[in-house]
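Observations on the model geometry
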Amino acid sequence: MQWFHWYIPADGEHWNRLRSEAPALAKAGITGLWLPPANKGIGGANDVGYGTYDLYDLGEFDQKGTVRTKYGTKNEYLAAVKECRDLGLQVYADTVFNHKMAADFEEDFEAVPFDPSNRYNALGDARTIRSWTGFNFPGRNKLHSSMDWHWWHFDSVDYNSLDPGFKAIWRMRDKQFEGNVDLESGNYDYLMGCDLDINHPEVRGELKRWGEWMLDHVGVDGFRLDAIKHINSDFFTDWIQSMEDHAQRDLFIVGEYWTYNIKTLSWYAGHTAGRMCMFDAPLHNNFHRASRASGNFDMRTILDGTLMKEMPLLAVTLVDNHDTQPLQALESVVESWFKPLAYAIILLRREGYPCIFHPDYYGAHYKDRGRDGNEYEIWLDSHRAILDKLLFARNHFAYGDQYDYFDHYNTIGWTRLGSQDHPHALAVLMSDGSAGNKWMEVGKKNTTFRDLTGHISDPITTNADGWAEWRCNGGSVSVWAEEAAITNQ
Ligand code: CA
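Quick caveat: nothing in here was measured; it's all calculated off a predicted structure.

When you go through the chain residue by residue, the secondary structure sums to 11 helices and 26 strands. Seen through its C-alpha atoms, the chain measures out along the principal axes to roughly 80 × 45 × 45 Å. For the chain, the share of sequence-separated contacts (at least 6 apart) that also reach a separation of at least 24 residues comes to 67%. Averaged over its 47 positive side-chain charges, the chain has a centre that lies 2 Å from the centre of its 70 negative ones.

Structure below.
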């Protein structure tokens, strides 16, 4: 589960809430948690965590106007992580390596201005500029790390105090934008703030030391790597190897390369030798489009062009996240009615490592300004009741061979035949249009099944060949499990 979203309250209680909620999560069948960036950001006590200021300040030092972060103090973070791990929940740290913000002092250096919309287009010659690139973290006073950061640890900034009206990306003289990044705007190395020169040996050394410190000091089981399309991919193969060498165990690593283009993800997987998983953004996009199609989406194509289908071993599947939620940067909502269908796909199929989004479990209510400048009030429904049932189905019945029946414009389904350790079968049927029915094989003869979701109350009994005509309601999903096995769990 992604255990946060953009608008959780900035009351400093998030880590404490996690600690008290962890037993219920473990009981519900959650096995891992992606936690937000725990470090201090430019927004101090309100920063979601992506405006990195000091990676070594996890809510421990008086910096940016606060000791705690949006989520709490370092001690509360460590206590929450320990509680989760004691309960068998893995913990993955959100890791922002692309940029730093809110420097402690300005520096003068030479830089060349480039057009933000075309990074090959220089807007003039090199000149002396002044920018906020000096970091000495006075509140931390060299604890945990003695490194200060200067302009030469970055390759570009977007601000010149000597000529603030000149809008440009200022690239340090004699530096290049990194290779092996996304090609939007010509070269998408630069995103925001002070862009780390990931090829600088001191930068690489510091990011390795920080990762090792997170493994030793916090005890995380893996990392969620932010904004990797803006960072040279070569860095990550090296960094991941260092982390696994240090940890002496397998770590879970997932990278956020947000694109709906499977070819781009395939290129990236090749460049990183399959060392990191990736979020299945194309699958999210299919869910989004299907949810907006009022039943006119061709459900046979719901997995087309996705990691789940093309590179299942690397796929981290999700329905929504903190960037796609309403009023956020990449807003592309999966409508509420479709969420049970989408979650059945990520939770009950063999392929992919599924991730539940916090508001889909708990609901959410918030206000913010939209792109049009107007304020909106957002209510997100809790789907906890159905998610708990799908988790129950996943943990007890979603095992073994998978037979697919993606053969109808509205109604698709699949069955799981069970394994040696989990011998019971499962049949899943869904429709984005009117009510559906479909003959599917589960390999269990003359066996009575019940719909775990409760959407259909009548049981279905398989025939002497282990087949049945399964049913679901319109715009709905039904999850059929063996009646005798349900009551035994
Ligand atoms: Ca970058």
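With that settled, the discussion passes to the packing of helix α1 (residues 14-28) against helix α2 (residues 74-86). Where α1 contacts α2, the two axes come as close as 8 Å, and the packing angle between them is 15°. Accordingly, the angle class assigned to the pair α1 and α2 is roughly parallel. As for the relative orientation of α1 and α2, their crossing is left-handed in sense. Between α1 and α2, the residues in contact are Trp 15, Asn 16, Leu 18, Arg 19, Ala 22 and Pro 23 and Glu 76, Tyr 77, Ala 79, Ala 80, Glu 83 and Cys 84, respectively. When the residues that make up the contact of α1 with α2 are grouped by side-chain class, the tally is 8 nonpolar, 1 polar and 3 charged.

Of all 6 residues that make up strand β21 (residues 426-431), 6 are buried, and the element is covered over most of its length. Across the two faces of β21 the burial is the same, with Leu 426, Val 428 and Met 430 and Ala 427, Leu 429 and Ser 431 all buried. Summarising the sheet, strand β20 (residues 411-416) and β21 pair through 6 bridges and their orientation is antiparallel. Across the sheet, the residue bridging to Ile 412 is Met 430, located in β21. Pairing analysis gives 6 bridges linking β21 to strand β26 (residues 476-482), with the strands arranged antiparallel. Across the sheet, the residue bridging to Leu 426 is Ala 481, located in β26.

Turning to the side chain of His 383, a few remarks are in order. Structurally, His 383 can be placed in the loop between β18 (375-380) and α10 (384-397). Beyond its immediate sequence surroundings of up to four residues, His 383 is in contact with Ser 336, Lys 339, Pro 340, Asp 360 and Tyr 361.

How each quantity is defined
Residues numbered from 1 in each chain as written. Predicted model: local features only at pLDDT ≥ 70, side-chain atom pairs only at ≥ 80, totals over all residues. Heavy atoms only, no water. Helix = DSSP H or I, 4+ residues; strand = E, 2+ residues; numbered from the N terminus. Contact = heavy atoms within 4.5 Å. Lys, Arg positive; Asp, Glu negative; His and termini not counted. Charge placed at Lys NZ, Arg CZ, Asp CG, Glu CD. Axes fitted to C-alpha atoms, helices over the stretch in contact; angles between N-to-C directions. Parallel < 35°, antiparallel > 145°, perpendicular 65-115°, else oblique. Left-handed = near helix turned anticlockwise from the far one by under 90°. Nonpolar A, V, L, I, M, F, W, Y, C, P; charged D, E, K, R; others polar. Buried < 20%, exposed > 50% of the residue type's maximum accessible area, 1.4 Å probe, protein only. Pairing = 2+ DSSP bridges.

Everything listed here is a matter of coordinates, which is why it stays silent on function.
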